[in-house]
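Single-letter residue listing:
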Amino acid sequence: MRMDEYLERWAEKYKPISHIPNAGSKEKRFYRIDAITSIPSFVANLIHAKSPSLAYVTQVDATLGGQGDKFLMITHRVFVLVKQEGATLQNGVTEELAATDAKALGAEIAQDLLAYIYHDKKNGNKDLDGIDFKGSVIFTTPQQFNGWWPTELTFNQIVSRNLCVNPEKYND
């Protein structure tokens with residue numbers, strides 16, 4: 001299982017997001033991104049983007065970890081993107097209550113996602129083995145893209161790494 005696929009299925013099930021993944025869907029709310037500052041598919045459709053949305057960072061960030069050097073600890077980074085509501089946004093003025101509401105909603109959705117993953121793992125989803133919630137973090141980031149407030153959720157997963165060289169992958 002790839003984490004991006006798992007999260008996209010969650011974004012489809014979770015009512016406040018209700019992502020529809022079909023090609024050309026006007027209800028696209030899940031994005032695979034390189035970084036919060038590099039999300040071309042989201043920015044290209046910014047006018048039509050729906051709030052809230054979910055974005056998963058597909059860049060791999062892994063270190064040797066766990067029990068010795070036989071495992072990798074992968075950091076998963078997820079962003080909940082919430083658009084600030086309010087008429088003052090068009091004037092370039094950040095209305096503090098609307099901004100706070102957007103950040104609070106992003107944090108609430110991030111907690112819902114964390115609770116879902118925890119519940120799914122606890123109830124026997126073997127694909128989630130190795131998820132480590134101890135280092136999980138939820139935090140809001142500064143406003144992006146004219147009124148969108150990203151909330152980041154990070155968590156780690158320990159997975160087995162390749163221990164053997166596969167000769168079929170090499171030229172002699």
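The numbers attached to residues start from 1 for each chain and follow its sequence in the written order. Note on the predicted model: pLDDT of at least 70 is required for a residue's local features to be given, and 80 or more for side-chain atom pairs to be given and counted; whole-chain, interface and lining totals, by contrast, use all residues. Side-chain measures here rest on the full set of heavy atoms in the structure, leaving out hydrogens and waters.

### A word on helix H1 (residues 3–13)
Inference 1: We call a residue buried when its accessible area falls under 20% of the maximum for its residue type, exposed when it is over 50%, and partly exposed in between, using a 1.4 Å probe and counting protein chains only. Helix and strand labels come from DSSP, where a helix needs a run of H or I of at least four residues and a strand needs a run of E of at least two; each type is numbered from the N terminus. Along H1, the positions that sit buried rather than exposed are Met-3, Asp-4, Tyr-6, Leu-7, Glu-8, Trp-10 and Ala-11.
Inference 2: Note on contacts: a residue pair qualifies if any of its non-hydrogen atoms lie within 4.5 Å across the two residues. Of the surrounding secondary structure, the elements contacted by the buried residues of H1 are strand E1 (30–33), strand E2 (53–57), strand E4 (71–83), helix H3 (96–122), strand E5 (131–140) and strand E6 (148–160).

### Digging into the pairing of E2
Looking along a regular strand, one sees side chains alternate from face to face of the sheet.
Inference 1: The buried fraction of E2 is high, at five of five residues.
Inference 2: Of the two faces of E2, the one carrying Ser-53, Ala-55 and Val-57 and the one carrying Leu-54 and Tyr-56 are both buried.
Inference 3: Strand pairing requires that DSSP identify at least two bridges connecting the strands. One ladder, built from four bridges, connects E1 with E2; its direction is parallel. When the bridges of E2 are listed, Phe-30 appears paired with Leu-54.

### Let's talk about the confidence of the model for the protein
Inference 1: Chain-level statistics for the protein give a pLDDT mean of 87 and a share of 88% at 70 or above.
Inference 2: Here helix H2 (residues 40–44) stands out as the element of the protein with the lowest mean pLDDT, 65, in contrast to H1, whose mean of 97 is the highest. On a range of 0 to 100, pLDDT expresses the predictor's confidence in each residue.

### Quick word on the packing of aromatic side chains
Inference 1: Ring pairs are drawn from Phe, Tyr and Trp, using the six-membered ring of Trp, whenever the two centres fall within 6.5 Å, and their geometry is named by plane angle: stacked under 30 degrees, edge-to-face over 60, tilted for the rest. Applying the stated criterion to the full structure yields three aromatic pairs.
Inference 2: For the pair Tyr-6 and Tyr-116, a centre-to-centre distance of 6.3 Å together with 45 degrees between the ring planes defines the contact as tilted. Linking Tyr-6 in helix H1 with Tyr-116 in helix H3, this pair joins segments that are 110 residues apart in sequence.
Inference 3: In this structure Tyr-116 comes out as partly exposed when scored by relative accessible area, which is 26%.
Inference 4: Ring centres of Trp-10 and Tyr-14 lie 4.4 Å apart, and the angle between their planes is 20 degrees; this geometry places the pair in the stacked category.

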